[in-house]
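Here's the letter readout for the chains.
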Amino acid sequence: MADGRAAVPTPLEFVAACWTSAGDVMPLRGPDTSPLDVRTRIEAVSRAGYTGFGLTHADLRVARETVGLPTVAQLLRDNGLTTVQLERVVDWWTTGERRARSDALRQDLFDACAVLGVDNIKIGADDDGEPVTYDELCAGFDALADAGREAGVRIAYENTPFSPPPIRTTEQAIDLVTDVGNANGGLMLDVWHAYRGGTPYDALLRLAPERLFGVELDDGAAEVVGTQIEDTFDNRLFCGTGDFDVVSFVEVVRRLGWDGVWGIEHMSETDRRRPVEVVLREAREAAASCIAQADERIAA
């Protein structure tokens, strides 16, 4: 809520972001498709207590070419998964071959939206050393949000510490979605990237509530291990077991008025070798515990 009062909590719902149910796979390390078929993943996510499911473009293509998207949609309905998230579009501000590849990937995701009932598409930016101006990023984001509206899906920008300057921190991402002001373009707020980017959680209150399209929870150690990308992919912890003070983060998000679906984005070198359903359940339970603690603080 705009006046800073906490929303009345609704029953908790969680979406398993794509890597949380993907099993033993990570991008940039060989094949980036899950070793698990889409039916297995959907059923595991549902049994673990989630109401939402995420897929990467690579796994969406595999599902489309094997069982077909109408079958995926039926599996989602049969398993009570009502929130669907796709990812990840990059290079949306570029030109030439990079932009052509980005637009082709984007169209694949757009084509799936009506069939699967997609809530949002996550987009981001990777720093490849090519300079880009703030105005270029704003124009590209605005155009992509407009294209998403035509496809019937919201566009959610997620910053990372390894995004190209000038948008690396969550504060800078808030400026982007605010300055662009496109109602179909908002922020995917991840505690990992807020903490790693050095954003004080109270600074999140600068975000207009209507620009918040999703929230993702995870935890980690205070110090980065390896590169930022390696750390992101390999070292996430269950909520409440690291140094990120997830409870305080959730408290601030509640003060923004968030009572929507909570994303769980768990990427762990250790846990991806464990049974997927076990990891899904433990990750959800840990996040639910942190949310409950935050709500108790607010109610006190």
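Residues numbered from 1 in each chain as written. Predicted model: local features only at pLDDT ≥ 70, side-chain atom pairs only at ≥ 80, totals over all residues. Heavy atoms only, no water.

S.K.: Please explain empty space enclosed by the protein as it appears in this structure.
M.R.: A water-sized probe rolled over the atoms picks out the places where empty space is left. Summed over all chains, the structure comprises two cavities of 30 Å³ or more. By volume, the largest cavity amounts to about 110 Å³. Every residue lining the largest cavity is counted, 14 residues in all, and those nearest its centre are Trp19, Thr20, His266, Asp271 and Arg272. Class assignment of the residues belonging to the lining of the largest cavity gives a composition of seven nonpolar, four polar and three charged. Each pocket or cavity is described by its volume, and for the second largest cavity that value is around 30 Å³. In terms of lining, the second largest cavity is formed by Leu217, Asp218, Leu237, Phe238, Cys239, Ile264, His266 and Ala283. (1 Å grid on protein atoms, 1.4 Å probe; cavity = no way out; pocket = protein on both sides within 12 Å on 5 of 7 lines; lining within 4 Å. Points joined across faces, edges and corners; volume = space filled by probe spheres on them. Nonpolar A, V, L, I, M, F, W, Y, C, P; charged D, E, K, R; others polar.)

S.K.: Teacher, can you tell me more about helix H4 (residues 96-116) here?
M.R.: One turn of the α-helix equals 3.6 residues, which is why residues spaced by three or four share an orientation. For H4, which comprises 21 residues, the first-to-last C-alpha distance of 30 Å matches the rise-based estimate of 30 Å (1.5 Å per residue) to within 8%. Looking only at H4, the buried set comprises Ser102, Arg106, Asp108, Leu109, Phe110, Ala112, Cys113 and Leu116. Packing partners of the buried residues in H4 comprise helix H2 (57-66), helix H3 (69-78), strand E3 (83-89), strand E4 (118-123), helix H5 (134-151) and strand E5 (154-157). (Helix = DSSP H or I, 4+ residues; strand = E, 2+ residues; numbered from the N terminus. Expected span 1.5 Å × (residues − 1). Buried < 20%, exposed > 50% of the residue type's maximum accessible area, 1.4 Å probe, protein only. Contact = heavy atoms within 4.5 Å.)

S.K.: Explain H5 here, please?
M.R.: Counted at 1.5 Å a residue, the expected span for H5 with its 18 residues is 26 Å, and the 26 Å between its end C-alpha atoms agrees. Listed as buried for H5 are Leu137, Cys138, Gly140, Phe141, Leu144, Ala145, Ala147 and Gly148. One or two positions beyond H5, positive phi appears at Gly152, with a value near 80°.

S.K.: Any chance you could explain the packing of aromatic side chains here in plain terms?
M.R.: For any two aromatic rings, the description comes down to two numbers: the centre-to-centre distance and the angle of the planes. Scanning all chains against the criterion turns up eight aromatic pairs. For the pair Phe141 and Tyr157, a centre-to-centre distance of 6.2 Å together with 80° between the ring planes defines the contact as edge-to-face. Of this pair, Phe141 sits in helix H5 while Tyr157 sits in strand E5, placing them 16 residues apart in sequence. Residue classification places Phe141 among the buried positions, given a relative accessible area of 0%. Ring-pair connections join several aromatic residues into one group, and the members of that group are Trp92, Trp93, Phe141 and Tyr157. (Phe/Tyr/Trp six-rings, centres within 6.5 Å; stacked < 30°, edge-to-face > 60°.)

S.K.: I'm lost on the side chain of Thr199 in this one. Help?
M.R.: Position of Thr199 relative to the elements: it lies in the loop between helix H7 (191-196) and strand E7 (212-217). One polar contact links Thr199 to Glu171, side chain to side chain, over a distance of 2.6 Å. Those residues in contact with Thr199, other than ones at most four positions away along the chain, are Thr169, Thr170, Glu171, Ala194 and Leu204. (Polar contact = N/O pair within 3.5 Å; in protein donor to acceptor, adjacent residues only side chain to side chain.)

S.K.: Just checking my understanding: could you explain the UniProt feature "domain: Xylose isomerase-like TIM barrel" (unreviewed entry) in the protein for this structure?
M.R.: Within this numbering scheme, the UniProt entry marks residues 42-277 as carrying the feature "domain: Xylose isomerase-like TIM barrel" (unreviewed entry). Between the C-alpha atoms that bound residues 42-277 the distance is 10 Å, and the span itself is 43% helix and 16% strand. (UniProt positions renumbered as here; feature names shortened; annotations may be inferred.)

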